[in-house]
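Structural overview
Single-letter residue listing:
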Amino acid sequence: MINQLNEIEPLIKIRGLRFARGNRWIFDGIDMDIPRGQVTAIMGPSGTGKTTLLRLLGGQLKPHAGRIEVDGLEVPNLSTTALYQLRKRMGMLFQSGALLTDLNVFENVAFPVREHTQLPESLIRHLVLMKLHAVGLRGARDLMPSQLSGGMARRVALARALALDPMMIMYDEPFTGQDPISMGVLVRLIRSFNDALNLTSIIVSHDVHETAEIADLIYIIAEGKIVGQGTPADLKTSESAWARQFINAQADGPVPFHYPAPDYMADLLRGHLC
Ligand SMILES: Nc1ncnc2c1ncn2[C@@H]1O[C@H](COP(=O)(O)OP(=O)(O)OP(=O)(O)O)[C@@H](O)[C@H]1O
């Protein structure tokens, strides 16, 4: 029985992924499994390619080598129509929230439903109010985005990302710029939606504490490779110095505190001699 549970096909399988920007390999041979029904975090130093990975999963970018499979579909080989169908099942929450500024809260959440379905107005109303209620903002339906706090805007964006009942949701830096209360609310919502709606969640984040609180599995990427993977507890005691530095938020380690510089003493003496 335990074996059977462990052998459930992951929702996302990445094998031998290579992707370059200019002459730099952002990913230089990455294998990754994202399990169904769990919260998986992708972490790593700034510029390491976390957002790029989300864009590869969504088919906005194509890999130079390797396989990316989402729910059994080879994303880079999908036709435009098939990719469009798949994307309907992939919710995405951007850091900016990206609400449409000319539409009120209700219409922002209704937007993807109107775009992708032919549902009658009464059902759309029901569905939108249900999603807004779930994020605690049913009472804010008539407000414009400019009237929302940053935390409220992100919750509306979350309701919109869930509007079409996706199988998975990708969060790009969901906690950035939030006060501790809003962060706590988001952490709770991400975890409870994942479990209650049987979603698969992927979080790209720098916020180690919040992410470790909700992630079942964490991958740490650095210099084009996976340098650590496991549960938050595993990573705290990982043999990888990269993983330990990151998860324990240490200022220095494989990611150096100092930008490369000549020897300090030699630098000081040189100034003195000039
Ligand atoms: N359109 C682009 N053209 C060229 N290079 C790009 C482009 N977009 C991103 N990059 C580069 O690709 C690398 C990975 O970027 P990405 O945004 O995926 O990193 P990240 O890990 O999400 O960073 P951060 O944590 O700072 O958000 C960076 O070095 C970035 O400068």
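Note that the structure is predicted; figures quoted are calculated from it, not measured.

Observations concerning the sheet that holds strand β5 (residues 73-74)
Pairing within the open sheet is antiparallel, and its four strands lie in the order β2-β1-β4-β5. Taken across any chain shown, the strands that pair with only one partner, and hence form the sheet edges, are β2 (24-34) and β5. Where strand β4 (residues 65-70) lies against β5, two bridges are found, and the strand directions are antiparallel. In the strand pairing of β5, V70 is matched with L73. Packing of helix α2 (residues 50-57) onto the sheet brings it into contact with β1 (12-21), β2 and β4, and relative to β1 it is tilted by some 120 degrees.

Some points on the confidence of the model for the protein chain
Mean pLDDT for the protein chain: 87, with 91% of residues reaching 70 or above. The low-confidence segment residues 1-5 (pLDDT under 50) makes zero contacts with residues lying over four places distant or belonging to another chain. The ipTM, which scores confidence in the relative placement of chains, is 0.95 for this predicted complex, and the corresponding pTM is 0.84.

Section: the environment of L57
In this structure, L57 sits in helix α2. Taking relative accessible area as the criterion, L57 reaches 2% and is therefore assigned buried. Along the backbone, L57 and Q38 are 19 residues apart, and their C-alpha atoms lie at a distance of 17 Å.

Quick word on the site of the ligand
Surveying the vicinity of the ligand reveals the residues R21, R24, I26, S46, G47, T48, G49, K50, T51, T52 and H206. Within the side chain of R21, one N or O atom sits 3.4 Å away from a nitrogen atom of the ligand. Residue G49 places a main-chain N or O atom 2.9 Å away from an oxygen atom belonging to the ligand. Isolated, the ligand exposes 630 Å² of accessible area, and the fraction of that covered by the protein chains is 58%.

Side note on the packing of aromatic side chains
Tallied over the entire structure, the rule returns zero aromatic pairs. For R18, the ring lying beneath its charged end belongs to W25, and the centroid distance is 3.8 Å.

Quick look at the side chain of E69
The topology assignment puts E69 in strand β4. In terms of polar contacts, E69 uses its side chain to reach the side chain of R67, at 2.8 Å. Among all residues touching E69, those that are not within four sequence positions of it are L11, I12, K13 and E74.

About the criteria used
Sequence positions are assigned chain by chain, starting from 1 and proceeding in written order. The predicted nature of this model means local features are confined to residues of pLDDT at least 70 and side-chain atom pairs, given and counted, to a pLDDT of 80 or more, with totals for whole chains, interfaces and linings taken over all residues. Hydrogens and water are ignored here; the side-chain numbers use all heavy atoms of the structure. Any two strands between which DSSP finds at least two bridges are classified as paired. A run of H or I in DSSP counts as a helix once it spans at least four residues, and a run of E counts as a strand once it spans at least two, with each numbered from the N terminus. Residue contacts are defined here by distance: any two heavy atoms, one from each residue, within 4.5 Å place the two residues in contact. All axes are obtained by fitting lines to C-alpha atoms, using only the stretch in contact for helices, and the reported angles, taken between N-to-C directions, cover 0 to 180 degrees. Looking at any residue, its pLDDT shows the predictor's confidence there, from 0 to 100. Accessible area is worked out with a 1.4 Å probe on protein chains only. A residue is then buried under 20% of its type maximum, exposed over 50%, and partly exposed in between. A single heavy atom is enough: if one lies within 4 Å of a molecule or strand, its residue is considered near that molecule or strand. Here a polar contact is taken to be a pair of N or O atoms separated by no more than 3.5 Å, where protein atoms must pair a possible hydrogen donor with a possible acceptor and residues adjacent in sequence count only if both atoms sit in side chains. The accessible surface values rely on the Shrake-Rupley method and a 1.4 Å probe; as for residues, cover is taken only from the protein chains in view. Aromatic pairing here means that ring centres of Phe, Tyr or Trp (its six-membered ring) are within 6.5 Å. Orientation follows from the plane angle: under 30 degrees is stacked, over 60 is edge-to-face, and everything else is tilted. Placement of a charge over a ring requires the Lys NZ or Arg CZ to be within 6 Å of the ring centre, with the centre-to-atom vector within 35 degrees of the ring normal.

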